[in-house]
Amino acid sequence: MEMKKRILVVDDSASVRQQVGAVLASAGYDVVEAADGVLGGEAIARMPDLALVICDVNMPNMNGIDMVAAAKSDGKNAALPIVMLTTEGQPGLVEQAKKAGAKGWIVKPFKNEMLIAAVRKLVGS
Amino acid sequence: MSDGKRIVLIDTAATATDLAERLRMQGYTVTLARHPSEGARLALSDPPSAVVADLWMPSISGVQLCRLLKAEPATSMVPVILRGPDAPRNHFWSERAGASDYVAQGRMGDLVRTLDRVIAAAPPSDGFFTTFSDEDDIRERIAARLDAALFESVLAAEVRALGTCGEFNRLFDLFSQFAARVTSYRWLAVSTVQPVRFGLHTNPNARDRAEREAAGALGIETSCVSVVVQDEDAFDDEVGPAAIIMPIELGGMQLGKLALAPRAPVDAQTVELVRIIARELAGPIRMATLVEESQRLARIDALTGLLNRRALATIVQTEVARSERYAIPFSFVLLDVDHFKSVNDERGHAAGDAVLAAIGKLLPASSRPTDSVGRWGGEEFVVALSHTNQSGALIAAERLRAAVEGLIVPDGRGGRIPVTASFGVACLVAGDTLESLVDRADRAMYAAKVGGRNRVVVAASDLQAAIPAAVAGAVPLEDVAV
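Parameters at a glance
- Residues numbered from 1 in each chain as written.
- Chains lettered and ligands numbered in written order.
- Predicted model: local features only at pLDDT ≥ 70, side-chain atom pairs only at ≥ 80, totals over all residues.
- Helix = DSSP H or I, 4+ residues; strand = E, 2+ residues; numbered from the N terminus.
- Buried ≥ 20, exposed ≤ 12 C-beta atoms within 10 Å, placed from the backbone.
- Contact = placed C-beta atoms within 7 Å.
- Pairing = 2+ DSSP bridges.
- Axes fitted to C-alpha atoms, helices over the stretch in contact; angles between N-to-C directions.
- Expected span 1.5 Å × (residues − 1).
- Arc of directions from axis to C-beta.
- Parallel < 35°, antiparallel > 145°, perpendicular 65-115°, else oblique.
- Left-handed = near helix turned anticlockwise from the far one by under 90°.
- Right-handed = clockwise from strand over helix to strand, strands pointing away.

### Section: the overall build of chain B
- Across its full length, chain B carries 17 helices and 18 strands.
- Across the 482 residues in chain B, those meeting the buried criterion constitute 39%.
- Of all intrachain contacts in chain B linking residues separated by at least 6 positions in sequence, the fraction that spans at least 24 positions is 65%.

Spelled out as structure tokens, the structure:
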């Protein structure tokens, strides 16, 4: 059987990590978690087999957009898709994330099937 | 490849499925949305090659939809084509909303040609998407954009309205009153180049600190301050966040800078507000500069750089009224260059102009700063002496006469043009007006001409009044008598 694709969820809220993790697990993905931008960056460096990163914007220590910029400054992560998942939505902030190298922006609250559809489009089943 | 021509068609009309089918027959992959917010959500979550939308739709217009898609990073580069009745104003509003084109309804051929053209011209998509779960979010976003657009246009209109206030100091005063109402700050400063000006709005308790900080932020000397507005509308916080500095530009030309020292906390909206008001301030500043320049030009005689007759008459009229009211002495000296016509005739008009320009330089240099010096017309000049009685006026006129006589005006052929002038002096008496004063000075000047030129003559009627003894010593009697 083929290895499950692995997705990193970075969010400072344990309940959001759990909720997102459960949705992704039910769709057949392997989910790992990190609690802020610094830990998320470390996890990306540690796990070269990640298929996708889903990342909050407002987090302590390092925010999500800075985390994307830091990860993308390493050429090894050029092909790694990172998607923001946040309640924020000002076009200015979205633009910053896009410039930093994020692949997309999902506005919370999300519908499970839409999250799964977006993930499938990026990484396949 | 068909995926290269993926269209989101937003059409609420009954005929929408027909249109979708016809576009599919043309080779496009079409996703049909029957509601504008659904269409926006589809376009944002998976940006297509182009969006085609109706101009008139229930709840959200095509123009609003287009503005939203153009503002969102996911769809800002996706071409939007609006469709509707063929009327010039529809083309206008579509263009203003950022649509790539507007196609009249029912023109299938036009629509296909336009689609192919705008898709070919669009940059390739980087695939960035924004997903909203709920179509209500889209409506909220459109409402928020409308609020933002209204906010911006109201701010813009308020700042632009300052364009009528004429000169910089007044402009800055009104501008600071406006700015203090829309945001709070420690100080606000505007600097301009050509001419260099520096306006500052500060709390009176913090003036020195604000002046220093603002000059530093704008990169200008504190000595350039041309207007300081001090009131409690600016706050006197000891410290605050770094100043927000924005260029003031018009048509690629930098007119100056706007700096605002915000109070904590600084949010994105404050920065945006400063950006908008700096952008809109460019027009009023340019206008103020032009008005000031035209006012200056309207007051100045181009050849001599002195006040012209109109400006001089205004000043003298005010001086006459003031001097009469407070019984202050005032004297009026009119001088006319001797043999000027023959200078022009024999040496040419350039030589005549050189003589006039030389006198234009000499007179202010030989007068007090409180005197008003101007060209009355032709080769006639005026020196209006405030706080000066007849004896003082005679001394001043004689000094000017000697200075004119000593003037060296090169004739351009290695020689010099001899220059002298005849002077008429009139001193203010009760009931005088500008006209009566000029009339007496003119008669005295004529008498100086008749008397042999290059001399000072006091107006006859003034002589009937007692002449202080000092005058006789200062001026030869034969020059004084008519």
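### As for the overall build of chain A
- Summing up its helical and strand segments, chain A has five helices and five strands in all.
- Helices (α) and strands (β) of chain A occur, in sequence order from the N terminus, as β-α-β-α-β-α-β-α-β-α.
- In chain A, buried positions account for 39% of the 125 residues.

### Digging into the sheet that holds strand β2 (residues 30–34) of chain A
- Taken in spatial order, the six strands of this open sheet run β2(A)-β1(A)-β3(A)-β4(A)-β5(A)-β6(B), and their pairing is parallel. The two strands at the open ends of the sheet, each matched to only one other strand, are β2 of chain A together with β6 (129–131) of chain B. Within the sheet, the average angular offset between the axes of one strand and its neighbour, ignoring direction, is 20°.
- Both strand β3 (residues 50–55) of chain A and strand β4 (residues 82–86) of chain A contribute to a ladder of three bridges, which runs parallel. Bridged to Ile54(A) within β4(A) is Val83(A).
- Contacting β3, β4 and β5 (104–107) of chain A together with β6 of chain B, helix α5 (residues 112–123) of chain A crosses the sheet at an angle of about 140° to β3(A).

### Some remarks on the interface of chain A and chain B
- Each side of the interface is counted separately: chain A has 15 residues, and chain B has twelve residues.
- The set of elements that each furnish at least two residues to the side of chain A that touches chain B consists of α4 (91–100), β5 and α5 of chain A.
- For the side of chain A that touches chain B, the leading source of residues is α4(A), giving five residues.
- As paired elements, β5(A) and β6(B) share three bridges and run parallel to each other. Residue Ile106(A) lies in a different strand from β6(B), and its bridge partner there is Thr131(B).

### Quick word on helix α1 (residues 14–26) of chain A
Residues and elements named next belong to chain A.
- A rise of 1.5 Å per residue sets the reference length of α1, with its 13 residues, at 18 Å; its end C-alpha atoms lie 18 Å apart and thus fit the reference within 8%.
- Of all the positions in α1, only Arg-17, Val-20 and Leu-24 are classed as buried. All buried residues of α1 project into a common sector of 80° when viewed along the axis, lining one side. What points out from α1, more than 90 degrees from its buried face, is the exposed set Ala-14, Ser-15, Ala-22 and Ser-26.
- With its phi angle positive at about 95°, Gly-28 sits one or two positions after the end of α1.

### As for the environment of Leu68(B)
Residues and elements named next belong to chain B.
- Position of Leu-68 relative to the elements: it lies in helix α3 (residues 62–71).
- Judged by the 27 C-beta atoms lying within 10 Å of it, Leu-68 is buried.
- Sequence separation between Leu-68 and Ala-143 is 75 residues; the distance between their C-alpha atoms is 9.7 Å.
- Those residues within four positions of Leu-68 in sequence are excluded, and the remaining contacts are Ala-40, Arg-141, Ile-142 and Arg-145.

### What about the packing of helix α3 (residues 64–72) of chain A against α4(A)?
Residue and element names in this part refer to chain A.
- Following both chains from N to C, one finds α3 and α4 inclined at 15°, their axes separated by 8 Å at the closest point. Regarding the angle of α3 to α4, the classification is roughly parallel. As α3 runs across α4, the sense of the crossing is left-handed. Mapping the contact onto sequence places Ile-65, Val-68, Ala-69 and Lys-72 in α3 and Gln-96, Ala-97 and Ala-100 in α4.

### Re unusual backbone geometry
- A cis amide bond, omega -5°, links Lys108(A) with the succeeding residue Pro109(A).
- Among the secondary structure elements, Pro109(A) is positioned in the loop between β5 and α5.
- A cis amide bond links Gln194(B) with the next residue in sequence, Pro195(B), at an omega value of -5°.
- In this fold, Pro195(B) is placed in the loop between β7 (185–192) and β8 (197–202).
- Residue His387(B) is not a glycine yet carries a positive backbone phi of 55°.
- Here His387(B) shows up in the loop between β14 (380–386) and α13 (390–405).
- Unusually for a residue other than glycine, Arg453(B) sits at a positive phi of about 65°.
- One can find Arg453(B) in the loop between α14 (434–450) and β18 (456–458).

### Regarding the environment of Val316(B)
Residues and elements named next belong to chain B.
- You can see Val-316 is positioned in helix α10 (residues 309–326).
- The class for Val-316 is buried, based on 22 C-beta atoms found within 10 Å.
- Distance in space between the C-alpha atoms of Val-316 and Leu-437 is 9.9 Å, their sequence separation being 121 residues.
- The residues touching Val-316, leaving out its near neighbours within four places in the chain, are Phe-332, Ser-372, Ala-384 and Leu-434.

### Digging into the pairing of strand β1 (residues 6–10) of chain A
All names here are of chain A.
- For β1, the tally of buried residues reaches four of five residues, placing the bulk of the element in the interior.
- Two strands pair when backbone bridges link them, and β1 and β3 are joined in this way by five bridges, in the parallel orientation. By the bridge assignment, Leu-8 is partnered in β3 with Val-53.
- Where β1 and β2 come together, five bridges link them in parallel fashion. In the strand pairing of β2, Val-10 is matched with Ala-34.
- Following the chain from β1 across α1 to the adjacent parallel β2, one finds a crossover that is right-handed.

### Quick notes on the sheet that holds strand β2 (residues 29–33) of chain B
Residue and element names in this part refer to chain B.
- Taken together, the five strands give an open sheet; going across it, the order is β2-β1-β3-β4-β5, and neighbouring strands pair in parallel fashion. Since the sheet does not close on itself, it has two edges, and those belong to β2 and β5 (101–104), each with one partner. Averaged over neighbouring strand pairs, the angle between their axes works out to 20° when direction is ignored.
- Pairing of strand β1 (residues 6–10) with strand β3 (residues 50–54), which is carried by four bridges, proceeds in the parallel orientation. In the strand pairing of β3, Val-8 is matched with Val-51.
- Here helix α2 (residues 36–45) sits on the sheet in contact with β1, β2 and β3, set at roughly 160° to β1.

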